[in-house]
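# Working through the structure, step by step
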Amino acid sequence: MEILCPRCLRGLLAACLFAVLCLFIPAPRAAAQADQSAPAANKPASSKPEAGKNQLPPLPPEKSAGQSMALNGKTLHYTVTVGPWPVRDKDGKETGEVVVTSYTMSGSNRPVTFAFNGGPGASSVYLNFGAIGPKHLAFGNQGDSPSEPPVLTDNQGTWLDFTDLVFIDPVGTGFSRSLVSDDQTKKLFYTTVPDIEYLSRIVYDWLVKNDRLDSRKYLVGESYGGFRGPRITYYLQSQLGVAMSGEVLVSPYLNPTIEQHGDLSPLPWMMTLPSIAAARLEREHQLTPQAMADVIAYTEGDYATALIKGHSDPASTDAMIQRVTQMTGLDPTFVKESGGRLDTQAYVREVHREQGKIGSVYDSNVTSFDPFPYAPQQRASDPLLASIVAPLTTAMVNFLTNTIGWKVDARYNALSFAVNQQWDGGAALREGSVAQLRQAVAADPRLRVIIAHGWDDLSCPFMGSVLTVNEMPVMGDPTRVAVREYPGGHMFYTRESSRIALRNDVMEMFSKH
């Protein structure tokens, strides 16, 4: 999921990265990761252990294993390789280890795609087992139980038949870890610009080591990984001399400033209304592209106009309140007293209140019982987020240690709240990544971009990307940057039909290179 993206995180921290992405809900705070300490084998013999630091064994060397899967009546034979990659500072000192899991197949002229999730604090397991890897784990759908034993099946939405896949876990996620002090860790790994630079270098190093610099190269990033995507693409292109052929941004936290100034600007409310309307259409089995086209047209037209006019045009406001009530199915009093401006956190509590349940900010049709229904603000963890960490962690640890045989004595972090809490986004975070997206597209007339969203996502709403792309200049072929929408939420790919639809759209993009 791109899980704790900053918009999502706001809700998670205000009401608890990641996701997908994007800001979140009060959830229990994870303890600081023990894995941040440096293994004794990687420290100079003369160095003394830091007080209070555990001395963990080093991560094992790279390990490969052959695997297979059935896809559309054919058998794919592939190699899984997992292992740590060093991160070094400007003086060559090793400061961290990034664990990379790659899936490769034999054949000439194979493209390679690098995958990042978000948070910050999320590992790449969400894209791996949820969306595009050769194995799929069912998670994130209504009724899924985190205590059920996870079962991996062949993923009919995988991209592996047309591209090799490289999943990268940033420091503090998965088994990846820092080898320096907590203060240095935050400075080198838990802030916006260094994060982009060291992850770009991992991409570069993988290409060089595997003799793949001449391959067609792609990037996929989810949630905060969608924030990373344009910045990594542009940094590789302009600084490291590696040009991507395309990128896929899944539920991206792309343009944070669009959600500001809700007391004056209509834009924050224009972002949320379509996703709330989509959720209602889905519950009533009326969700279609045409129905959503009508929702978007109203949002960009009469709804925005009514918000801008405010009390200067009471008739327009009254008509807007009635239309929003009809579109969302919410209580008329709730809509009227909200002024037709539907706050995400208020909505996910209101929409299922009569059933004593609360909706997820990632997909409001995924619900759980609200354990604190009378609290003035949401106190429970997000229903979707609370149900996915356990099965994904179990599935990935079992896969790497038992199936692949990469025996590791360390904690696996599918989603680290500790990393997210320590993250220092700074001004660069609030600037978003639209500037880098525009520059990368401008510099390369062959670069293509798909921005993929689930209609029901309230953490990183699809309408934000629609509005953002509408304002981008057309640079050559107007389809080079395209927004694609699918049924589902932040992790729309948990639904097989949406996952396969994404696969087909990406295959079409690859075919144009």
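So, here's what we can say about the structure. (Residues numbered from 1 in each chain as written. Predicted model: local features only at pLDDT ≥ 70, side-chain atom pairs only at ≥ 80, totals over all residues. Heavy atoms only, no water.)

### Description of empty space enclosed by the protein
Here the second largest cavity defines a volume of roughly 60 Å³. Every residue along the wall of the second largest cavity is listed here: Val99, Thr101, Ser124, Asn128, Phe167, Asp169, Phe175, Met396, Leu400 and Tyr412. Of all the secondary-structure elements, those providing two or more residues to the lining of the second largest cavity are β3 (94-104) and α11 (383-403). Of the residues assigned to the lining of the second largest cavity, the class counts are six nonpolar, three polar and one charged. (1 Å grid on protein atoms, 1.4 Å probe; cavity = no way out; pocket = protein on both sides within 12 Å on 5 of 7 lines; lining within 4 Å. Points joined across faces, edges and corners; volume = space filled by probe spheres on them. Helix = DSSP H or I, 4+ residues; strand = E, 2+ residues; numbered from the N terminus. Nonpolar A, V, L, I, M, F, W, Y, C, P; charged D, E, K, R; others polar.)

### Quick look at the packing of helix α2 (residues 125-132) against α11
Where α2 contacts α11, the axes come no closer than 10 Å and their chain directions differ by 90°. Here α11 runs roughly perpendicular to α2, going by the angle between their axes. Here Val125, Tyr126, Asn128 and Phe129 of α2 come into contact with α11, specifically with Ile388, Val389, Leu392, Ala395, Met396 and Phe399. A class-by-class count of the residues in the contact of α2 with α11 yields nine nonpolar, one polar and no charged. (Axes fitted to C-alpha atoms, helices over the stretch in contact; angles between N-to-C directions. Parallel < 35°, antiparallel > 145°, perpendicular 65-115°, else oblique. Contact = heavy atoms within 4.5 Å.)

### A few points about the pattern of salt bridges
Within this structure, the stated rule accounts for 19 salt bridges. Several salt bridges converge on common partners, so that one network encompasses Glu282, Asp363, Asp456 and Arg495. (Salt bridge = Lys/Arg side-chain N within 4 Å of Asp/Glu carboxyl O.)

### Thoughts on the packing of aromatic side chains
For the structure shown, the criterion picks out 17 aromatic pairs. Judged by centre distance (5.1 Å) and plane angle (75°), the rings of Phe162 and Phe510 are edge-to-face. Placement of Phe162 in the loop between β6 (152-154) and β7 (164-168) and of Phe510 in helix α16 (residues 496-511) is noted, with a sequence separation of 348 residues between them. For the pair Phe227 and Tyr253, a centre-to-centre distance of 6.5 Å together with 35° between the ring planes defines the contact as tilted. Note that Phe227 is positioned in helix α5 (residues 224-240) and Tyr253 in the loop between β10 (246-250) and α6 (267-283), a separation of 26 residues in sequence. Of the aromatic side chains, those joined through ring pairs into one cluster are Tyr190, Tyr224, Phe227, Tyr253 and Trp423. Its guanidinium or amino end placed over the ring of Tyr298, Arg323 lies 4.3 Å from that ring's centre, counting from NZ or CZ. (Phe/Tyr/Trp six-rings, centres within 6.5 Å; stacked < 30°, edge-to-face > 60°. Lys NZ or Arg CZ within 6 Å of the ring centre and 35° of its normal.)

### What about unusual backbone geometry?
Following Gly119, the chain continues to Pro120 via a peptide bond in cis, the omega torsion being -10°. Along the chain, Pro120 falls in the loop between β4 (112-116) and α2. We note that Asn109 has phi near 60°; this positive angle belongs to a residue other than glycine. The residue Asn109 is located in the loop between β3 and β4 in this model. Look at Asn109 and you get exposed, because its relative accessible area is 71%. Even without glycine at this site, Asp211 takes up a positive phi of about 55°. Inspection of the secondary structure assignment puts Asp211 in the loop between α4 (192-209) and β9 (217-222). Judged by relative accessible area, Asp211 falls into the exposed class, the value being 71%. (Buried < 20%, exposed > 50% of the residue type's maximum accessible area, 1.4 Å probe, protein only.)

### Looking at the pairing of β10
Among the five residues in β10, five count as buried, and that is most of the element. Bridge count for β9 against β10 is five bridges, and the pairing is parallel. Bridging across to β10, Tyr218 finds its partner in Gly246. Viewed along the sheet, the connection from β9 through α5 into β10 turns out right-handed. Summarising the sheet, β10 and strand β13 (residues 448-454) pair through five bridges and their orientation is parallel. The partner of Val250 across the bridge, within β13, is Ala452. (Pairing = 2+ DSSP bridges. Right-handed = clockwise from strand over helix to strand, strands pointing away.)

### Thoughts on the environment of Arg216
Along the chain, Arg216 turns up in the loop between α4 and β9. Put simply, Arg216 and Ser245 are 29 residues apart on the chain and 6.1 Å apart in space, counted from C-alpha to C-alpha. Residues contacting Arg216, with those up to four places away along its chain left out, are Asn109, Pro111, Val112, Ser245, Phe510 and His513. At 3.3 Å, the side chain of Arg216 forms a polar contact with the backbone oxygen of Phe510. (Polar contact = N/O pair within 3.5 Å; in protein donor to acceptor, adjacent residues only side chain to side chain.)

### Quick notes on α2
The element α2 is largely enclosed, with a buried count of eight among its eight residues. Taken as a whole, α2 has its buried residues at Val125, Tyr126, Leu127, Asn128, Phe129, Gly130, Ala131 and Ile132.

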